[in-house]
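This is what each chain is made of:
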Amino acid sequence: MGKDGGTRDGHAGVSADVNGAINRISFAIHNGRTFDDIFEIIFHQLKLVIPYDRIGLSTLDESGETLTVVKVKSAGRVGLGKGLSCSLKTTSLGELLESRGKRVINDLGEYVKRTGHETSYNKMLLDEGIRSSLTIPLFVAGKATGFIFFSSTEPNVYTREYLGERFDVLDFFVESIKDHIAVALEKGMTITRLEETNRQLKELNAMKDEFLSIASHDQIGRASCRERV
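Residues numbered from 1 in each chain as written. Predicted model: local features only at pLDDT ≥ 70, side-chain atom pairs only at ≥ 80, totals over all residues. Heavy atoms only, no water.

Examining the pairing of strand 1 (residues 54-60)
For step 1, the next point in the chain: Burial analysis of strand 1 places seven of its seven residues in the buried class, the great majority of the element.
For step 2, the next point in the chain: The two faces of strand 1 match: R54, G56, S58 and L60 on one face and I55, L57 and T59 on the other face are all buried.
For step 3, the next point in the chain: Where strand 1 lies against strand 2 (residues 66-74), seven bridges are found, and the strand directions are antiparallel. Considered in strand 2, the bridge of I55 is made with K73.
For step 4, the next point in the chain: In this structure, strand 1 lies alongside strand 6 (residues 143-152), joined through six bridges in antiparallel fashion. Bridge pairing in strand 6 links R54 to S151. (Buried < 20%, exposed > 50% of the residue type's maximum accessible area, 1.4 Å probe, protein only. Helix = DSSP H or I, 4+ residues; strand = E, 2+ residues; numbered from the N terminus. Pairing = 2+ DSSP bridges.)

Here's what the structure looks like:
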C-alpha cells in the first residue's frame, strides 16, 4: 500500500467502515470520562474491522521493565486477567518494541513448541483456548507505553489466506489506529491515577473529620468535668 493512500481509495470496504470506526475511536478518546468508557467504545469499534475472540491491553511502567494487564474483554473464560504483571524480559515482546512493527502468531501452541517460550502468560492463553494472535506495540511521543493484543480461538486468523481482501483493510486500519489507541491508553491511565488520588483524598478527609469530631467531643467532655468540679 502506497503512502499516497491509493489502496484506501481503491478498496471498497475501507472508506465507510474503517474511516467511520477511526472517527468514533477518536471521539471516544476525546470525550470518554473514564477508562472503561473509553475502551468499551474502542473495543467495539475495533471488532467491526479486526476479528477477535479476546482483546487485551497491557501497560509498561515508567522503567519500561514491567508489563501489567489493565483491560481484557473475551467471549470465553479469562485466565490471563486484569492486574497480572510480569517482567518484560520474561517475554518475547522486547524484540517487538525494537522493531515497532506488529506481530502475528498463527498457531500459539506450535509457536511455543518451536521457540521454547513456555511462559505463564502463554500457558494461560492456551488454557483459554487461544490459537492465533495479533500484537501491536503502542508508543506516545516515541516512548513505549504498552501493547494491544487481538486473539482468536482459531488458527491462522490474521493471515491473508484467512482474511482474503480484508487483509489489506485490516493492515491499513492497524496503522491508522495504533497511535490513537496509545493516546487513549495514556489518557485512560491518567484518569485512573486521578481517580485513585481523589479516592485517597476522600479517605484522608474522612479520617480528618473523624479525628476532629473525636477531639471536639473530648474537649466538651473535659469542659463538662471542670464545670462539675
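Overview of the packing of aromatic side chains
For step 1, the next point in the chain: Tallying each qualifying case throughout the model produces four aromatic pairs.
For step 2, the next point in the chain: Seen in terms of ring centroids, F35 and F39 are 5.0 Å apart; in terms of plane orientation they differ by 40°. Their pairing is tilted. Within this pair, F35 and its partner F39 are both found in helix 3 (residues 35-47), separated by four residues, close to a single helical turn.
For step 3, the next point in the chain: The buried category is assigned to F35, whose relative accessible area is 8%.
For step 4, the next point in the chain: For F39, a relative accessible area of 0% translates into the label buried.
For step 5, the next point in the chain: Ring centres of Y52 and F150 lie 5.9 Å apart, and the angle between their planes is 55°; this geometry places the pair in the tilted category. In this pair, Y52 sits in the loop between helix 3 and strand 1 while F150 sits in strand 6, placing the two residues 98 residues apart along the sequence. There is no split in this pair, since Y52 and F150 are both buried.
For step 6, the next point in the chain: One Lys or Arg, K47, reaches over the ring of Y52 and ends 4.5 Å from the middle of that ring.
For step 7, the next point in the chain: Between R100 and the ring centre of F139, over which it is positioned, the NZ or CZ distance is 4.0 Å. (Phe/Tyr/Trp six-rings, centres within 6.5 Å; stacked < 30°, edge-to-face > 60°. Lys NZ or Arg CZ within 6 Å of the ring centre and 35° of its normal.)

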